[in-house]
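# Structural features, examined
Listed below, chain by chain, are the residues.
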There are 2 protein chains.
Amino acid sequence: MSAVKKSLNMRGKSMQDALLMLNILAHPLRLSILCTIIESGEITAGDIVASEPQASQSQISQYLRAMRESGILTARRDGLFVYYSLKDKKAAAIMKILKDLYC
Amino acid sequence: MSAVKKSLNMRGKSMQDALLMLNILAHPLRLSILCTIIESGEITAGDIVASEPQASQSQISQYLRAMRESGILTARRDGLFVYYSLKDKKAAAIMKILKDLYC
DNA sequence: CTTTTATATTAAGAAAATTTAATTTACAAA
DNA sequence: TTTGTAAATTAAATTTTCTTAATATAAAAG
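Residues numbered from 1 in each chain as written. Chains lettered and ligands numbered in written order. Predicted model: local features only at pLDDT ≥ 70, side-chain atom pairs only at ≥ 80, totals over all residues. Heavy atoms only, no water.

### Here we look at the nonpolar core
- Within the largest apolar cluster, 61 residues are counted, with the highest numbers of intra-cluster contacts made by A:Ile33 and B:Ile33.
- Apart from residues no more than four positions distant in its own chain, A:Ile33 is found in contact with A:Ile48, A:Glu52, A:Ile60, A:Tyr63, A:Leu64 and A:Met67. (Core = buried A, V, L, I, M, F, W, Y, C linked by side-chain atoms within 4.5 Å. Buried < 20%, exposed > 50% of the residue type's maximum accessible area, 1.4 Å probe, protein only. Contact = heavy atoms within 4.5 Å.)

### With respect to the sheet that holds strand 1 (residues 42–44) of chain A
Residue and element names in this part refer to chain A.
- Ordered by their spatial adjacency, 3 strands build an open sheet running 1-3-2, and the pairing between neighbours is antiparallel. Strands at the two margins of the open sheet, each flanked by one partner only, are strand 1 and strand 2 (73–78). With strand direction ignored, the average angle separating the axes of adjacent strands in the sheet is 30°.
- Here strand 2 runs beside strand 3 (residues 81–86); their pairing, made up of 6 bridges, is antiparallel. In the sheet register, Thr-74 faces strand 3, and the bridge partner there is Ser-85.
- Its contacts with the sheet place helix 4 (residues 57–69) against strand 2 and strand 3, and it is angled at close to 115° to strand 2. (Pairing = 2+ DSSP bridges. Helix = DSSP H or I, 4+ residues; strand = E, 2+ residues; numbered from the N terminus. Axes fitted to C-alpha atoms, helices over the stretch in contact; angles between N-to-C directions.)

### Notes on the interface of chain B and chain A
- Taken together, the 31 residues of chain B in the interface contact 31 residues of chain A.
- Roughly 3000 Å² is buried in total at the junction of chain B and chain A, and carbon and sulfur atoms are behind 74% of that figure.
- Taken as a group, B:Met10, B:Leu22 and B:Tyr102 account for 23% of the area that chain B buries against chain A, more than any other trio of residues on that side.
- Linking chain B with chain A are 0 residue pairs in polar contact (both at pLDDT 80 or more), by the criterion used here.
- Every element with two or more residues in the side of chain B that touches chain A is listed here: helix 1 (13–25), helix 2 (28–40) and helix 5 (89–102) of chain B.
- The dominant element in the side of chain B that touches chain A, judged by the number of residues it contributes, is helix 1 of chain B, at 9 residues.
- Here the side of chain B that touches chain A is built from residues that sort into 19 nonpolar, 6 polar and 6 charged. (Buried area = accessible area lost by both parts, 1.4 Å probe. Polar contact = N/O pair within 3.5 Å; in protein donor to acceptor, adjacent residues only side chain to side chain. Nonpolar A, V, L, I, M, F, W, Y, C, P; charged D, E, K, R; others polar.)

### Here we look at the protein's contact with DNA strand C
- Neighbouring residues of DNA strand C: 22 residues in total, closest A:Ser58, A:Gln59, B:Gly46, B:Gln57 and B:Tyr84.
- The separation between a base oxygen of DNA strand C and a polar side-chain atom of B:Gln62 is 3.3 Å.
- Contributions of two or more residues to the surface near DNA strand C are made by helix 4 of chain A together with helix 3 (45–51), helix 4 (57–69) and strand 3 (81–86) of chain B.
- By residue number, the principal contributor to the surface near DNA strand C is helix 4 of chain B, which donates 5 residues.
- Looking at the surface near DNA strand C residue by residue, the class counts come to 7 nonpolar, 12 polar and 3 charged. (Near = heavy atom within 4 Å.)

### A closer look at the environment of B:Met21
- By secondary structure assignment, the location of B:Met21 is in helix 1.
- As for B:Met21 and B:Ile60, which are separated by 39 residues in sequence, their C-alpha atoms are 18 Å apart.
- What B:Met21 contacts, discounting residues up to four positions off in sequence, is A:Tyr102, B:Ile72, B:Asp88, B:Ala91 and B:Ile94.

### Overview of the relation of the copies chain B and chain A
- Note on the identical chains: chain B maps onto chain A by a rotation of 180° and an axial translation of 0.0 Å, with an RMSD of 0.0 Å. In the structure described here, the two chain copies are related by an operation that fits a two-fold rotation axis. The C-alpha atom lying nearest the rotation axis in chain B is that of B:Leu22; the distance is 3.1 Å. (Least-squares fit on C-alpha atoms with pLDDT ≥ 70 in both.)

What follows is the structure, given as structure tokens:
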């Protein structure tokens, strides 16, 4: 047994990782974009924009980048189009439990 | 079958409920307070303050109130002390999966 | 009634996130 | 090489959230 308490809590680096994820999910547009991507499997940026009539192309592009840079999404370009899909399985797991709890 | 598409997604009121929860969890102090309360079962406001050396009493009290008003926590007073505990089982379920995923 | 301890409230300033508008880059086709 | 479409970038304005400091309330004890 080490001198450091081995607790089952969320402090330290693991908490920071969880917070990063929570902060991304905790926004209506980002959460909705994630729903759309999960439902589609893979979808172009333009189709995401089309699915969010109230949001601007700029805002969506900014959030797609943020989610890509944080490792939640991946993107591949095919000609003019950029296809987004989910990369982080932890995001999928959290989205699933949110659906189970709230839907 | 109604004309409205019956989808398995997160839109509408259910999404708003989930967002309310996510917004509360998405802050290091609030998340840490919730961890402490879950670990303790029931704990006084003062002991929560003592467990957060970097946070002020005022800030903790404000967040306790916000979490109580949003239905996540309950509180009971016994003399000078106010005991907090978890009320919303959805919060517990989300905290559990966060621990499973990130710890 | 005064003091002490625990907790809550309020308001203002500081910091961070969100939103919007304008512009730019990337690629393909004519 | 110009044009059109898709997507990304930048910067400023706006809004929201967080933090701090000061004060107030609630309850018990002396």
